[in-house]
Amino acid sequence: MRGGTHTFSNTTSGIILGTDCGAHTLDMGSSTVDVKGAVELGDGTSTITVTPGTGTLTWTHTSGSKVYTPSGETFYNITLNCSGGTVAPGAAVIVSNDLTMTAGTLSSSSNVTVNGSTVGVAGTFSYSGSAVHEQRVAAAETFGTTSGSTNWSFVNLRFTNSAGVSATVTTNSGGSGTVTVTSVMTVGLATDSARTVLDAGARTWTLSGTGGDPLLVDDVTTGSRITGSTSTFAYTGANGAGNTNVENNASATYYNLKIGGASLCTNDTYDLEGAIDVDNDLTIQACGTFDTVTGQNYGITIGGSYVNSGALTARSGTITFDAGSGSKTLSGTLTGASAFYNITFNNASGGWSFGSTSAAVTNDLVITNGTDTGSAGTITINDDYSNSG
């Protein structure tokens, strides 16, 4: 490529600059450019300026790793449709519209910013170092696979807002793959002008970061938040330098919430940052201790069942069960260090059972509305028992 403006509307094996080739322009227009090789837009002595238009750059190779050197340039859409192949950016990537992961792997130690949707089918991410995948949107966009069960994993994942009005990122409903964030997941930034809302869909979001704050939601400055829908959030990371924080009602509504790792894990204590409302099930897993925090005694409301395979530090807090239907259960360890302090059942349509599990309540047990079926074991109440249900 030498001189002038180069407009592509067909396939090419790669886009590579030779040494001392000067400055060029790649005008994408509305075309799709399929490449099976490297895309290098600058080498220090030569550059290609990209005019994105509404075009799409697609990798279609089926083996090996192909280098992508953006040099600050953006494409409108980028698609990986390279089953068996890898695309390895050598610098920060900016996609001004959609990133589509049809097949293949995006392997990056650099940041990737998507201003539209991040979607896919069988493509995967392989991030390293402190790389950030940021979906920075100005309007409603989507995130996640649209079919299949491919899992996505990120080091840092951010959903942020580049506009002056509220924007929602909705998790696609077609796919069933999990989303794992190994460091920090962020929703909204204090420097944004408007809030970001993440609709978590029906996915499982695993937060395995070990820094103590695996989930950050800017609910204070911008009012950003997470809508739980029918998702599961699992806090599994163990903070070696202290406890791990769990975001509260102001930041997130949870549908299912899991605390701690299930097995083969390092035990950690997970501290509430405020009262929480879990619309369905709360599960404390084998390697987790859930703490309502000394002096705060944050409340927990549960709309489904409660399972404690780890430990609950209730302190002087109240756990309220408000399911709108019957057949909800309380099981696991409900005595000793995991005893309840106050426990309330309150929904006229609700029904709860302790099954054969013994339970201890160190203060009050109150049935305001609904039906509570006692345990085949023993329920010990140290203070008041009230039943108007």
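Starting afresh in each chain, residues are numbered from 1 along the sequence in its written order. Per-residue local features are limited, in this predicted model, to residues with pLDDT of at least 70; the limit for side-chain atom pairs, both in listing and counting, is 80 or more; totals at the level of whole chains, interfaces and linings are taken over all residues. The basis for every side-chain value is the complete set of non-hydrogen atoms in the structure, without hydrogens or water.

Asks: What am I meant to see in the overall build of the chain here?
Replies: Counting from the N terminus, the helices are the DSSP runs of H or I reaching at least four residues and the strands are the DSSP runs of E reaching at least two. Per the secondary structure count, the chain includes zero helices and 40 strands. Dimensions along the principal axes, computed over C-alpha positions, put the chain at roughly 85 × 40 × 35 Å. Every one of the 389 residues in the chain was classed for burial, and the buried ones make up 50%. Long-range pairs, those at least 24 residues apart, make up 54% of the contacts in the chain with a sequence separation of at least 6. Buried, partly exposed and exposed residues are distinguished by accessible area as a fraction of the type maximum, computed with a 1.4 Å probe on protein chains only: under 20%, between the cut-offs, and over 50%, respectively. Any pair of residues with heavy atoms lying within 4.5 Å of one another is described as a contacting pair.

Asks: I would appreciate a short explanation of the state of the cysteines in the present structure.
Replies: Each disulfide consists of one covalent bond between the sulfur atoms belonging to two cysteines. Our working definition of a disulfide is a cysteine sulfur pair at a distance within 2.5 Å. Per the counting criterion, the structure on display carries one disulfide. The side chain of C265 participates in a disulfide bridge whose partner is C287; the two sulfur atoms lie 1.7 Å from each other. Because the sign of the S-S torsion sets the handedness, a value of about 120° for the bond joining C265 and C287 places this disulfide among the right-handed ones. Residue C265 is located in the loop between β26 (256–259) and β27 (268–272), and its partner C287 is located in the loop between β29 (282–284) and β30 (288–291); the two are separated by 22 residues in the primary sequence.

Asks: What should I look at first to understand the nonpolar core in this one?
Replies: Side chains that are nonpolar tend, in soluble globular proteins, to be buried together. What is meant by a nonpolar core is a set of buried Ala, Val, Leu, Ile, Met, Phe, Trp, Tyr and Cys residues, joined one to another through side-chain atoms within 4.5 Å. Among the nonpolar cores identified, the biggest contains 80 residues, and M185 and F290 are the most heavily contacted of them. In terms of residue count, strand β17 (residues 152–161) provides more of this core than any other element does, five residues in total. Not counting chain neighbours up to four residues away, the residues in contact with F290 comprise V246, L257, I259, Y270, L272, I276, L282, I284, I300, A311, L312 and T313.

Asks: Please explain the sheet that holds strand β25 (residues 244–246) as it appears in this structure.
Replies: A pair of strands counts as paired when DSSP detects no fewer than two bridges linking them. Here we have four strands laid out as an open sheet, ordered β25-β27-β30-β33, and parallel in their pairing. With one partner strand each, in any of the chains shown, β25 and β33 (311–313) form the two edges of the open sheet. For this sheet the average axis-to-axis angle between neighbouring strands, irrespective of direction, equals 25°. Of the pairings in the sheet, the one linking β30 to β33 comprises three bridges and is parallel in character. Opposite F290, over in β33, you have L312 as the bridge partner. Orientation is described by axes fitted as lines to C-alpha atoms, over the contacting stretch for helices, and by angles from 0 to 180 degrees between their N-to-C directions.

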